[in-house]
Amino acid sequence: MAGEKVFYVEDNPQNRRLVQVVLMAEDFEVITAENGEEGLKMAPEVKPDLVLMDINLPDIDGYEVTTRLRKLEMFQDIPILALTANAMATDAERALKAGCDGHIAKPIDVDTLPHQLRDWLKKGRKKPQS
Ligand code: MN
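Keep in mind that this is a model prediction, so the values were computed, not measured. (Residues numbered from 1 in each chain as written. Predicted model: local features only at pLDDT ≥ 70, side-chain atom pairs only at ≥ 80, totals over all residues. Heavy atoms only, no water.)

### A few points about the coordination of the manganese ion
Distances from the manganese ion to its protein donors, Asp11 (OD), Asp54 (OD) and Asn56 (O), fall within 2.1 to 2.2 Å. Between consecutive donors of the manganese ion, the numbers of intervening residues give the motif D-x42-D-x1-N. A relative accessible area of 2% means that aspartate 54 is categorised as buried. By relative accessible area, which is 47% here, asparagine 56 ends up partly exposed. (Donors = N, O, S within 2.8 Å, 3.2 Å for Na, K, Ca; no water. Buried < 20%, exposed > 50% of the residue type's maximum accessible area, 1.4 Å probe, protein only.)

### Comments concerning the packing of helix H1 (residues 13-25) against helix H5 (residues 113-123)
It is at 10 Å that the axes of H1 and H5 come closest, and there the two elements cross at 70 degrees. The pairing of H1 with H5 is recorded here as roughly perpendicular in orientation. The way H1 lies across H5 gives a crossing that is right-handed. Here Val19, Val22 and Leu23 of H1 lie close against H5, whose contacting residues are Leu113, Pro114 and Leu117. (Axes fitted to C-alpha atoms, helices over the stretch in contact; angles between N-to-C directions. Helix = DSSP H or I, 4+ residues; strand = E, 2+ residues; numbered from the N terminus. Parallel < 35°, antiparallel > 145°, perpendicular 65-115°, else oblique. Left-handed = near helix turned anticlockwise from the far one by under 90°. Contact = heavy atoms within 4.5 Å.)

### Description of helix H3 (residues 62-70)
Listed in full, the buried residues belonging to H3 are Gly62, Tyr63, Val65, Thr66, Leu69 and Arg70. Burial along H3 is one-sided: seen end-on, the buried residues are contained in an arc of 165 degrees. Contacts from the buried residues of H3 go to helix H2 (36-46), strand S3 (50-54), strand S4 (80-84) and helix H4 (89-98). Sitting at the amino-terminal end of H3 is aspartate 61, which places a side-chain oxygen 3.0 Å from the backbone nitrogen of tyrosine 63. (Arc of directions from axis to C-beta. Polar contact = N/O pair within 3.5 Å; in protein donor to acceptor, adjacent residues only side chain to side chain.)

Keep in mind these numbers describe shape, not what the thing actually does.
The following block contains the structure:
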């Protein structure tokens with residue numbers, strides 16, 4: 001697998017840079033948005049294979065952005081992973097309810113991140129049970 005496109009919505013420039021450097025070194029393509037509004041606007045054009053979604057954003061929070069993305073056809077089958085500093089059970093649960101498939105805790109572990117994303121890309125999205 002090479003060249004998978006990751007769309008990363010994150011307001012913190014250091015985090016954006018870090019993830020970009022780490023993932024690009026592992027042959028991912030990384031496109032970033034700085035806030036929820038920009039994320040929603042860019043997402044359909046980016047057509048990512050996976051979305052990394054910061055939860056604490058200055059405008060629309062990552063839960064809401066995820067819920068809105070899931071309403072779009074092309075975002076129903078790709079993994080969306082929440083990134084949050086508050087790795088509490090309630091946050092993880094809320095992320096799942098919002099439409100995220102999983103949860104990656106901040107600070108980001110740069111050694112495991114590429115492997116985690118590859119696992120998700122292989123596994124694909126957990127279909128919601130109906
Ligand atoms: Mn943030």
